[in-house]
Amino acid sequence: MARIVQITDTHLSTDPSEELLGCRTHDSLKRVLRLIQDSYMECDRMIVTGDLVHEEGPDAYHMVREILTPWEDKLRVIPGNHDMRDGMREAFGDRINGCSAAVTFVDEVDEWQLIGLDTLLDGAVEGDLNGPQWEWLESRLESSNQPTVLFMHHPPVFVGSEWVDKLGLLSFIPFANLVERFEQIKLVVCGHVHQDYQTELFQATVVTTPSTSVQFKMNSAEFATEDLPPGFRIIDLHDDGTFDMSVIRVSHSR
């Protein structure tokens, strides 16, 4: 069995005292990482699915890398809509090894293939894959029948919150067609919506994961936050191509 820890939407700034919608994102992330260090330190990978920083420059990415030093050899990152590719490449160049036109990764743990996708559209809140990345992804999937997990910031499905469903993956129909075509895709793991959600897309399970910072209210027509603790996701990948998952939340008092 291989264990993956997913954290997402850390939204850090270079000023540790800065708040995002009333949340000190540094303090919130520290609580999450303490729990991971105490209980899940033996994970095989830690994957950060975007919005590492909140519209900051290269120095912020080096700061994020320093914070995540205990997991450095296990670390993989992809961008979200608040990220900058150049800053990520500078700080995490050795953690990026996929499509050269994007900030992506390809990895293997036990019997599984892990692919990280870049859905960042410069200047936009919604996301998509660019042309070369579609070709690269199809080539990867055609070359391996391993059970596969796709990691991406923007979800390729609607989550039931009207305002956020306008801001997901634009090419959700071509993406669904790709999932249907490649049956080895078992799981799609996303961030962006700051909430826990799960649905099925053909043979694949699609999940979104709570942020380590602010939580968005579920099933809300308009933007709204919710007083829920920060969280992360544990994914256990079994050699027979099955998996188990759980969302762990950290109490405000931790």
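Here the structure is shown first, and the text comes after it.
Because the structure is predicted, anything quoted here is derived from the model rather than measured.

Trainee: Can you break down the overall build of the protein residue by residue, with the values?
Mentor: Tallying secondary structure elements over the protein gives six helices and 13 strands in all. The C-alpha atoms of the protein give 17 Å as radius of gyration, which agrees with the globular expectation for 254 residues (18 Å, within 12%). Reported as C-alpha extents along the three principal axes, the dimensions of the protein are approximately 45 × 40 × 35 Å. Looking at the protein as a whole, 59% of its 254 residues qualify as buried.

Trainee: Outline the side chain of Thr 208, supporting the account with residue identities and numerical values.
Mentor: In this structure, Thr 208 sits in strand E11 (residues 204-208). Other than its neighbours up to four places away in sequence, Thr 208 contacts Pro 155, Val 159, Cys 190, Gly 191, Val 193, Gln 195, Asp 196, Tyr 197 and Arg 233.

Trainee: Please provide a residue-by-residue account of the pairing of strand E4 (residues 45-49), values included.
Mentor: When you tally the buried positions in E4, you get five out of five residues, the bulk of the element. Residues of E4 alternate between two faces, with Arg 45, Ile 47 and Thr 49 on one and Met 46 and Val 48 on the opposite face, all of them buried. Relative to E4, strand E1 (residues 2-7) is paired through four bridges, and the arrangement is parallel. Across the sheet, the residue bridging to Val 5 is Met 46, located in E4.

Trainee: Any details on the sheet that holds strand E9 (residues 185-190)? Residues and values, ideally.
Mentor: Taken in spatial order, the six strands of this open sheet run E6-E7-E8-E9-E11-E10, and their pairing is mixed. One side of each edge strand has no neighbouring strand; the edge strands of this open sheet are strand E6 (105-109) and strand E10 (197-201). Here the average twist between neighbouring strands, direction ignored, is 20 degrees. Where helix H4 (residues 131-143) meets the sheet, its contacts fall on E6, strand E7 (112-116), strand E8 (148-152) and E9, and the angle it forms with E7 comes to roughly 180 degrees.

Trainee: Describe the sheet that holds strand E12 (residues 231-237), and please don't skip the residues or the numbers.
Mentor: Taken in spatial order, the five strands of this open sheet run E5-E4-E1-E12-E13, and their pairing is mixed. At either end of the open sheet lies a strand with only one pairing partner, and these are strand E5 (75-78) and strand E13 (243-249). On average, each strand axis in the sheet is inclined to that of its neighbour by 20 degrees, with strand direction left out of account. In the sheet, E4 pairs with E5 via four bridges, with the strands oriented parallel. When the bridges of E5 are listed, Ile 47 appears paired with Arg 76.

Trainee: I'd love a proper account of the pattern of salt bridges, names of residues and values included.
Mentor: Throughout the structure, instances matching the rule amount to 13 salt bridges. A salt bridge links Arg 24 to Glu 19, with the nearest nitrogen and oxygen atoms 3.8 Å apart. A salt bridge links Arg 85 to Asp 122, with the nearest nitrogen and oxygen atoms 3.5 Å apart. Taken together, the residues Arg 85 in helix H3 (residues 85-92) and Asp 122 in the loop between E7 and H4 connect sequence positions 37 residues apart. Judged by its relative accessible area of 17%, Arg 85 is buried. Accessibility expressed as a relative area gives 66% for Asp 122, which makes it exposed.

Trainee: Any details on a nonpolar patch on the surface? Residues and values, ideally.
Mentor: A cluster of nonpolar residues, Phe 158, Phe 172 and Ile 173, forms a patch on the protein surface that exposes about 300 Å² of accessible area. Considering the arrangement of structural elements, one finds Phe 172 in helix H6 (residues 172-181).

Trainee: I'd like to hear about H3, residue by residue, with values.
Mentor: Here H3 has its buried residues at Arg 85, Gly 87, Met 88, Ala 91 and Phe 92. Viewed along the axis of H3, the buried residues span an arc of 160 degrees, placing them on a single side of the element. Those residues of H3 that are exposed and aimed more than 90 degrees away from the buried face are Asp 86 and Glu 90.

What counts and how
- Residues numbered from 1 in each chain as written.
- Predicted model: local features only at pLDDT ≥ 70, side-chain atom pairs only at ≥ 80, totals over all residues.
- Heavy atoms only, no water.
- Helix = DSSP H or I, 4+ residues; strand = E, 2+ residues; numbered from the N terminus.
- Rg over C-alpha atoms; globule rule 2.2 N^0.38 Å.
- Buried < 20%, exposed > 50% of the residue type's maximum accessible area, 1.4 Å probe, protein only.
- Contact = heavy atoms within 4.5 Å.
- Pairing = 2+ DSSP bridges.
- Axes fitted to C-alpha atoms, helices over the stretch in contact; angles between N-to-C directions.
- Salt bridge = Lys/Arg side-chain N within 4 Å of Asp/Glu carboxyl O.
- Patch = residues over 30% accessible without salt bridge, like charges linked within 9 Å, V, L, I, M, F, W, Y side chains within 5 Å.
- Areas by Shrake-Rupley, 256 points an atom, 1.4 Å probe, with all protein chains shown as cover.
- Arc of directions from axis to C-beta.

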